[in-house]
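The residues making up each chain are set out below.
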Amino acid sequence: MVLVSRVARASLLSSTRVHAPSVSQRAFLLARHMSTPAAPVSRLHEADSPVQLLSEGTMRIVQLNREKALNAIDENMIELIHDAFDEIEPSPNAATVLFRGKGRSMCAGGDIRSIVEAAAKSDPKERIASARFFQGEIMQNYRVHTMRKDTTKLGHPKTYIGLWDGIVMGGGVGMTVHGPVRIATDRTLWAMPETAIGYFPDVGLLYTFSRLDGAVGTYLALTGQRLGGADTYLTGLATHYVRSSSVEEMLRRISSMPMASAVHEEAVLEAIEEYASDPFEDDPSLLRTSAFLGDRRIAMDVAFSRPTVEQIMVALDDLAQRHTDAPVAQELQARGAALTDEIAQWAADTASTLRERSPRALKVTLRGLQRARDQTLTENMHMTIQLSTSFCDLSIGRDFYTGVNFVLGKDPKTGKRRTGTPPWDPARLEDVTDEYLDTFFFGDYRKAREAGLQLELLKLENVPHTGKSREARRARDAEVRGVGPLRWHPQHNPHALPSEAELAALYEGSHPASGSYVLEPDELLDVISRHKHHKPGVRVKVQDWLDRRARAAP
């Protein structure tokens, strides 16, 4: 969720072969699709429908159609998206699914004002509607994640593509980031600024953030920093970068692919890469301004790797005030970076941003990120619905309601939008205790109810729990453990630029492309570039990692 009007190649360890489903698998999946009555087909094809289902060759397009509302998602739209998926998934005539928005915004989040208004109702049956929105949203997010697998079982495999050509926040991120392909452009404006409204990055983003390089995910989750297309691509949030002027031609290329080739994800990726470009070649100034390269990135890592929000704030303040004898400044120097005016100003601005955020939201977000690192996606989604429910239960804290109305509402005295910091309660980080977090957000839900939590915990019907068998636990532990010193997850985000965890695995020798001896920097750069099929921007990212690594060497 997010404040709407403020912003208004194949897997390395898996095959691309399409397996025919068994008779029992096909029967089960078809029964699932038929069990929920679909909306009339004409509704999804009507010109005024808030969600449209369009068809172009072998491509099906799910298009959000609330242009004036920046394509913000409401509960009705979630149901329509569900109906569109029900129609698309069993179709033998569709091979790719494109999720996009009409106009300048793909999706600026969700209809949060109606959610907090429902949470404030006196009738418990009305209050649960707030949590029910998140239940439906998270279930859709997981459906995006499993679409390739589910449609392969049906015998008609499909590749899901998220088009980030414009504003993409909150619910729009959730509907795309768990898919295999996310395309950013020069028009992309991306953010998850939930802490600004007293909430947390939901829709499975704690899982995604926890797997970004270094402390990048923590920085983005706590600050809600807005990113352009180049930075979403550099960080791995987007898998491809295409100039906006080339998008429609690229889509025509994909939609015109014959079914025999379009069903293969590798072929779809090759078609996209025909139009992909390097944002840092398009605009070299981005190399100087990106917060995710060079000294700025080092400062981000040393400050946001602290284990508590309070310690992060101390680190930022020490950098801002240029306390050269402070531990954070000494660590910065040890990593080969200087405490320059630029770094000090970045730290001051970042600290100021965090002081405007809800203390409760900041602490829940950081704790959630720390837990997400050791979770599977399904485990994280179950944690997410529990956190969402607790935020919607205003009996244990009203920051979500306060933040939404402060940011989106108007001052009755002036008739203008409010400025400044919302009246958070509690207002200080130290007043959000570990006991409170453990009781109402991260502990046993039954005990939370006994302690005063009133809202019912809704089930995620399509999101499985981790199996209890020994084999299931072993598979789960292997997935979470990862590969190499930084716990690279080969199955996660394979089509993006290489993560630093992947580079560390390659350097260590536990990567599929590793040789029998330690690679020199130039060799590593060449090997990963070839392994990634000379993906645009790969040399910029890898060279920056090599440079920072060399500077930090003793």
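Residues numbered from 1 in each chain as written. Predicted model: local features only at pLDDT ≥ 70, side-chain atom pairs only at ≥ 80, totals over all residues. Heavy atoms only, no water.

**Quick word on the sheet that holds strand 1 (residues 51-56)**
Reasoning step 1: Pairing is mixed across the open sheet formed by six strands, whose spatial order is 1-2-3-5-7-10. The outermost strands of the open sheet, each flanked by one partner alone, are strand 1 and strand 10 (240-241).
Reasoning step 2: Of the strand pairs in this sheet, strand 5 (residues 159-164) and strand 7 (residues 181-184) are connected by four bridges, and their pairing is parallel. Within the sheet, the bridge partner assigned to Gly162 lies in strand 7 and is Arg182.
Reasoning step 3: Its contacts with the sheet place helix 12 (residues 265-273) against strand 3 (96-101), strand 5, strand 7 and strand 10, and it is angled at close to 25° to strand 5. (Pairing = 2+ DSSP bridges. Helix = DSSP H or I, 4+ residues; strand = E, 2+ residues; numbered from the N terminus. Contact = heavy atoms within 4.5 Å. Axes fitted to C-alpha atoms, helices over the stretch in contact; angles between N-to-C directions.)

**What about the domain arrangement of the chain?**
Reasoning step 1: According to the domain assignment, the chain contains domain 1 (43-292 + 357-451) and domain 2 (487-551).
Reasoning step 2: Relative to domain 2, the C-alpha centre of domain 1 lies at a distance of 28 Å.
Reasoning step 3: With 24 residues of domain 1 at the interface, the matching set in domain 2 holds 16 residues.
Reasoning step 4: Each partner contributes to the roughly 1,600 Å² buried at the junction of domain 1 and domain 2, and carbon and sulfur atoms together form 52% of this total.
Reasoning step 5: Area buried by domain 1 at its contact with domain 2 is led by Asp213, Tyr233 and Arg373, which between them contribute 30% of it.
Reasoning step 6: Taken together, the connections running from domain 1 to domain 2 amount to two salt bridges.
Reasoning step 7: A salt bridge links Asp374 to Arg487, with the shortest nitrogen-to-oxygen separation between them at 2.9 Å.
Reasoning step 8: Across the contact surface, domain 1 and domain 2 share eleven residue pairs in polar contact (both at pLDDT 80 or more).
Reasoning step 9: If you list the elements that add at least two residues to the side of domain 1 that touches domain 2, you get helix 9 (229-235) and helix 12. (Domains from an automatic or database assignment. Buried area = accessible area lost by both parts, 1.4 Å probe. Salt bridge = Lys/Arg side-chain N within 4 Å of Asp/Glu carboxyl O. Polar contact = N/O pair within 3.5 Å; in protein donor to acceptor, adjacent residues only side chain to side chain.)

**Some points on the UniProt feature "domain: Enoyl-CoA hydratase/isomerase" (unreviewed entry) in the chain**
Reasoning step 1: Feature annotation in UniProt assigns "domain: Enoyl-CoA hydratase/isomerase" (unreviewed entry) to the following positions: residues 60-441.
Reasoning step 2: For residues 60-441, helix accounts for 53% and strand for 9%, while the C-alpha atoms at its two ends are 39 Å apart. (UniProt positions renumbered as here; feature names shortened; annotations may be inferred.)

**Brief notes about the environment of Ala448**
Reasoning step 1: For Ala448, the position within the fold is in helix 23 (residues 445-451).
Reasoning step 2: A relative accessible area of 1% means that Ala448 is categorised as buried.
Reasoning step 3: Measuring from C-alpha to C-alpha, the distance between Ala448 and Met77 comes to 32 Å, with 371 residues separating the pair along the chain.
Reasoning step 4: Apart from residues no more than four positions distant in its own chain, Ala448 is found in contact with Thr439, Phe440 and Leu453. (Buried < 20%, exposed > 50% of the residue type's maximum accessible area, 1.4 Å probe, protein only.)

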